[in-house]
Number of protein chains: 2
Amino acid sequence: METLYLSLANKLEDLMQKGVFQAGDRLPSVRNLSHQHNVSVTTAVKAVRVLENRGLIDVRERSGHFVSPRNSRFQSTFEQEREKPVSQPNLVTPMELTQDMAVLNLGQVFPAGSAIPCDDYLPIRALQKSMKWATRNVRKTLDYGYPAKPEFQKAIAQRMASLGVICGPDDVIATNGTQEALVIALRAVTQPGDIVAIAVPAYPGILQALQVAGLKVLEIPTHPSEGISIEGLKFAIQQWPVSACIVIGNHSNPMGITMSDAHKKALVELLANAHIPLIEDDVYGDLQHEGDRPAPIKAFDKTDNVIYCNSFSKTLSPGLRSGWILPGRFARVISTEKYFNNLASSSMTQVVVAHLLREGGYEHHMRFVRHRYRSNTEQLRNLVRSHFPSDTEITRPDGGFIIWVKVPGSDSFELFKQCERENIYIAPGRLFASANNYDDCFRLSASRPIDGRMEDAIKTIGRLQVGMLSHDSSEVS
Amino acid sequence: METLYLSLANKLEDLMQKGVFQAGDRLPSVRNLSHQHNVSVTTAVKAVRVLENRGLIDVRERSGHFVSPRNSRFQSTFEQEREKPVSQPNLVTPMELTQDMAVLNLGQVFPAGSAIPCDDYLPIRALQKSMKWATRNVRKTLDYGYPAKPEFQKAIAQRMASLGVICGPDDVIATNGTQEALVIALRAVTQPGDIVAIAVPAYPGILQALQVAGLKVLEIPTHPSEGISIEGLKFAIQQWPVSACIVIGNHSNPMGITMSDAHKKALVELLANAHIPLIEDDVYGDLQHEGDRPAPIKAFDKTDNVIYCNSFSKTLSPGLRSGWILPGRFARVISTEKYFNNLASSSMTQVVVAHLLREGGYEHHMRFVRHRYRSNTEQLRNLVRSHFPSDTEITRPDGGFIIWVKVPGSDSFELFKQCERENIYIAPGRLFASANNYDDCFRLSASRPIDGRMEDAIKTIGRLQVGMLSHDSSEVS
């Protein structure tokens, strides 16, 4: 699926990751790149521009391209992570905090850390058109849509086919968003007390799903460009009886990592051979910043072992609560779990979404927002660079709108509390794992325009952060 | 709340229940009734008409009013039930059957037994008006409605106040229908393996909720006019550690019973004193056939021990999935459970319903459908009388559209299977308890017009039933 220039850009980035090119090194000229990699000069120019856009290289006037000293993608963290052992399985402890923050989001607080798309990036007119259609055809919205409305099933099956996942309309079960899909999938394939493997730092909703289902979490380290560590997972399933594994394959929350096709294949095979169901969360999959839409992990699933979960909460509207599951070989237990939980998902929502997918120019809209999120993310990274300590590390997501910020020596929960007093919300690191392993990290979101308000918010967060650190160091000295 | 004539009618019915007037007895004349009960002749005439409408008395030309030989309301069952012990607590076993039937409903099968309101009785125009409003105000539908959209909370708090339940808007948590409300409430106040008391025969969704939550069920007998047996429940909570109790107080599914205010109070007090949360399902509460809307059990709750669950699935549309919980003293755990399960309920649905409650003439619509369901139910009872064996017993619901039919010596699961071959769905008794205690009973629904198709369906079910019984007796002889 990769174009030639992206392929070259990725190859070069890989060389940087491996330390073949290090911070400050000069890259070969485009002419040399073209020669070495057997591509046209145009392709080499495009590849270099991609690296530039990714913030991995800097241009020095009349000198060429140099590997940026900030080309982190969490390299240092990665080195630490690699040495980290896989955690012992442990029950997810109640995280009252998370819920407090959910309520907070709805208030008058500036949501600098919340992963909710801003209205400006939702297809308002297309939604209105589809709502009008649903109003005229109101009778279609009245009955139970279980396991899903046929028109929704068809629209989803067509969409999945375009992503390389072949399924029949009957395979589609409608859910109340991705979160419900994850909870239902987990409950269907596990018993309370079972162990579930996840990559950390993890989307907090995954930890919440494990908590409500009474499951134990086994935290697997994340490779900063490849995603969940296959070695870590292999080790884990040898040591413990793992009942399921949840993975975000594309533009993960919070680290913004997309697994390579090879990595996806390896993961699918490892779990299929171990007969452990793989629950895929693909909610950011449609939000790549460049190139083609990455394949779902499910596209590599030959044994129906992958349970695919997704929704339109990041693309059409969070308030719709329109999600779905492809249950693979677990169709019977998953559809029962759904039915017994709440019978069916809103038919009105399903009818609106099915019409929008059919008529509403979903792809056209996605091209617009991908562009916006990419540019917002870059702007947000620059803002953080300008207002945070110089050793701050910032992820460069390859899709979506989330960045993960690490300030060595800091306490993000304390920062969260100080920000709250200023009516600003950031998502502190401790939400992203069951142990407080990420207390020097926090999440920010570029899901809204990087306007004056956002600039002020980042300035304020940076000021508070710097203040805390200098206070700490003065106490130490 | 009762009018004079209803009060008299109820008094007379009570006398029949107690055997003061027995089948075939002549009632006092209206003049005598007026004199004895100190009411006007007009009131006495009205009361007699109520009893006539309830099918409890027959008019014989020029002779007066006689107690009907069919004035059952399950008296015989009741006598048996009274002698039945409370069951041992036992885990709800997987009921694959239920789900099969859910799927069945959506197919080309005639839904003679399904408790789903027919489109004819839903307020289509009001829904369209509110959907149009939501379309114009689409931005209100985009964000998460957690714990509920403020406009929905306000509309529900106002509606609850009109039913004698005082709550603040903030107390309202939106759910995806009543089923989700029940499941969330159960999961919030119990641990897997806990014991939950319910009245049987029970709404199958309650058994499903217990099953998904991994709970044990303790089945309490139902008094045929009072609802859950207080003595049975008292005995049960002395014997076993009961963690919660689920009750339908008004127009229960399947027996159509409304608990008296005194019974509701006694139940609330019993459970409050035992510190056992009472989960109330009031989904049929708005569908009384005559008189005032009966009070929710929650109206008698002085200690915030009642968790109130309801939805508009029987009144506005099942496909909306618009329900709510008033969590009482369990607000924290219930709202967390909701959030972790699926974050929020559809904002679009909430906005539409809030507008409809505000502007859509909900009460006006309810007056129309109550009248229809009452008349349909009576017609359906007459049809069953005409086509079933003479010893068949039929409940007379005081609200809603469900009747419960008992054919002594029959096998309703076999009848269900034979009906299925004729593309007719009835709900067999075994769905309504964890043990197969109701295999001689089944549920029918008057939620659609009693037209030629319904008549044909009842004729067919009756023919199959009579055929099975005569086959059985010929085998015995």
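Residues numbered from 1 in each chain as written. Chains lettered and ligands numbered in written order. Predicted model: local features only at pLDDT ≥ 70, side-chain atom pairs only at ≥ 80, totals over all residues.

Okay, the overall build of chain A next. Assigned secondary structure in chain A consists of 16 helices and 15 strands. For 477 residues, the compact-globule formula gives about 23 Å, and the C-alpha radius of gyration of chain A, at 22 Å, lands near that figure. Judged by the C-alpha coordinates and their principal axes, chain A covers about 65 × 55 × 50 Å. Counting all 477 residues of chain A, 57% fall into the buried class. Within chain A, contacts between residues at least 6 apart in sequence are counted, and of these 75% link residues at least 24 apart. (Helix = DSSP H or I, 4+ residues; strand = E, 2+ residues; numbered from the N terminus. Rg over C-alpha atoms; globule rule 2.2 N^0.38 Å. Buried ≥ 20, exposed ≤ 12 C-beta atoms within 10 Å, placed from the backbone. Contact = placed C-beta atoms within 7 Å.)

All right, on to helix H15 (residues 412–421) of chain A then. All names here are of chain A. Within the sequence span of H15, burial applies to Ser412, Leu415, Phe416 and Cys419. Angular distribution of buried residues about the axis of H15 spans 105°; they occupy a single face of the element. The outward face of H15, more than 90 degrees from its buried face, is lined by the exposed residues Lys417 and Arg421. Once H15 finishes, Asn423 follows within two positions and takes phi at roughly 60°, a positive value. (Arc of directions from axis to C-beta.)

Turning our eyes to something else, we now look at the pairing of strand E13 (residues 402–406) of chain B. Residue and element names in this part refer to chain B. Counting buried residues along E13, five of its five residues qualify, which places the element largely inside the surrounding structure. Pairing of strand E12 (residues 393–394) with E13 involves two bridges; the strand directions are antiparallel. Looking across to E13, one finds that Glu393 is bridged to Lys406. Pairing geometry for E13 and strand E15 (residues 441–445), over five bridges, is antiparallel. Across the sheet, residue Ile402 finds its bridge partner in E15, namely Ser445. (Pairing = 2+ DSSP bridges.)

Our focus in this paragraph is the interface of chain A and chain B. On the chain B side, the residues contacting the 49 residues of chain A number 49 residues. Elements that contribute at least two residues to the side of chain A that touches chain B include exactly helix H5 (96–106), helix H6 (124–136), helix H8 (177–189), helix H9 (204–212), helix H12 (331–342) and helix H13 (347–359) of chain A. Here the side of chain A that touches chain B takes seven residues from H6(A), the largest share from any one element. Tallied by class, the residues present in the side of chain A that touches chain B amount to 22 nonpolar, 20 polar and seven charged. (Nonpolar A, V, L, I, M, F, W, Y, C, P; charged D, E, K, R; others polar.)

Bringing the sheet that holds E13(B) into the picture now. Residues and elements named next belong to chain B. Taken together, the four strands give an open sheet; going across it, the order is E12-E13-E15-E14, and neighbouring strands pair in antiparallel fashion. Edge positions in the sheet fall to E12 and strand E14 (427–428), since each has one partner strand and no second. Together, E12, E13 and E15 form the strand contacts of helix H14 (residues 362–387), whose direction differs from that of E13 by roughly 20°. (Axes fitted to C-alpha atoms, helices over the stretch in contact; angles between N-to-C directions.)

Moving on, we get to the pairing of strand E15 (residues 441–445) of chain A. All names here are of chain A. Of all five residues in E15, five are buried; the element is thus mostly enclosed. Both faces of E15 are covered, namely the face carrying Cys441, Arg443 and Ser445 and the face carrying Phe442 and Leu444. Two strands pair when backbone bridges link them, and strand E14 (residues 427–428) and E15 are joined in this way by two bridges, in the antiparallel orientation. Residue pairing for E15: Ala427 is matched across the bridge by Arg443.

This paragraph deals with the relation of the copies chain A and chain B. In screw terms, the move from chain A to chain B is a rotation of 180° and a rise of 0.0 Å along the axis, fitting with an RMSD of 0.2 Å. Both chain copies can therefore be described as sitting about a two-fold axis. When the interface residues of chain A are mapped onto chain B, 100% of them again fall at the interface, so both copies present the same face. (Least-squares fit on C-alpha atoms with pLDDT ≥ 70 in both.)

All names here are of chain B. In this model, helix H7 (residues 150–162) (13 residues) spans 19 Å end to end at C-alpha, consistent with the 18 Å of a helix rising 1.5 Å per residue. Taken together, the buried residues of H7 touch strand E4 (173–175), strand E11 (323–326) and helix H13 (347–359). In the stretch just after H7, Gly164 is the one whose phi turns positive, near 85°. (Expected span 1.5 Å × (residues − 1).)

Residues and elements named next belong to chain A. At a minimum axis separation of 8 Å, helix H7 (residues 150–162) and H13 run at an interaxial angle of 40°. Taken together, the axis directions place H7 and H13 in an arrangement best described as oblique. Read as a crossing pair, H7 and H13 show a hand that is left-handed. Along its contact with H7, which presents Glu151, Phe152, Ala155 and Arg159, the element H13 presents Gln350, Val351, Val353, Ala354, Leu357 and Arg358. When grouped by side-chain class, the residues that make up the contact of H7 with H13 number six nonpolar, one polar and three charged. (Parallel < 35°, antiparallel > 145°, perpendicular 65-115°, else oblique. Left-handed = near helix turned anticlockwise from the far one by under 90°.)

Right, let's talk about the packing of H6(A) against H13(A) for a bit. All names here are of chain A. The interhelical angle for the contact between H6 and H13, taken along N-to-C directions, is 120°, at an axis separation of 8 Å. By the criterion of interaxial angle, the relationship of H6 to H13 is oblique. Between H6 and H13 the crossing geometry is right-handed. Across the interface between the two elements, Ala126, Leu127, Ser130, Met131, Trp133 and Ala134 from H6 touch Met348, Val351, Val352, His355 and Leu356 from H13.

What follows is about the environment of A:Phe300. Residues and elements named next belong to chain A. Along the chain, Phe300 turns up in the loop between strand E9 (278–281) and strand E10 (306–311). Sequence separation between Phe300 and Gly164 is 136 residues; the distance between their C-alpha atoms is 8.8 Å. In this structure Phe300 touches Lys264, Lys265 and Val268, once residues within four positions along its chain are discounted.

Once that is clear, we can look at the sheet that holds strand E12 (residues 393–394) of chain A. Residue and element names in this part refer to chain A. Taken together, the four strands give an open sheet; going across it, the order is E12-E13-E15-E14, and neighbouring strands pair in antiparallel fashion. Single-partner strands in this sheet number two, and they are E12 and E14. Of the strands in this sheet, E12, strand E13 (402–406) and E15 touch helix H14 (residues 362–387), which is tilted by about 20° from E13.

Our next topic: the nonpolar core. With 254 residues, the main nonpolar core has A:Ala185, A:Leu186, A:Val196, B:Ala185 and B:Val196 as its most contacted residues. Leave out the neighbours within four places in its chain, and B:Ala185 touches B:Ile279, B:Ile307, B:Cys309, B:Ile325 and B:Ile334. (Core = buried A, V, L, I, M, F, W, Y, C linked by C-beta atoms within 7 Å.)

So, on to unusual backbone geometry. Negative phi is the rule for most residues except glycine; trans is the rule for most peptide bonds. In this chain, A:Val200 is followed by A:Pro201 through a cis amide linkage whose omega measures 0°. Mapped onto the elements of the fold, A:Pro201 is located in the loop between strand E5 (195–200) and H9. For the bond from A:Asn253 to A:Pro254, the omega torsion is 10°, close enough to zero to count as cis. Following the sequence through the fold, A:Pro254 ends up in the loop between strand E8 (242–247) and helix H11 (261–273). One non-glycine residue, B:His275, adopts positive backbone phi at about 55°.

In this section: the environment of A:Asp439. Residue and element names in this part refer to chain A. Turning to its location among the elements, Asp439 is positioned in the loop between E14 and E15. Taking C-alpha positions, Asp439 is 5.4 Å from Asp411, a pair spaced 28 residues apart along the chain. Every residue in contact with Asp439, bar those within four places of it in the chain, is listed here: Asp411, Ser412, Phe413, Gly429 and Arg430.

A few words on the confidence of the model for chain A. Residues and elements named next belong to chain A. A residue-level look at chain A finds 90% of positions with pLDDT of 70 or above and a mean pLDDT of 89. Across residues 72–83, where pLDDT falls below 50, the model places 19 contacts with residues more than four positions away in sequence or in other chains. The ipTM value of the predicted complex is 0.84, and its pTM value is 0.85. (pLDDT = per-residue confidence, 0-100.)

This part covers the environment of A:Tyr203. Assignment of secondary structure puts A:Tyr203 in the loop between E5 and H9. Contact partners of A:Tyr203, with chain neighbours within four places excluded, come to A:Ile248, A:Asn253 and A:Asp281.

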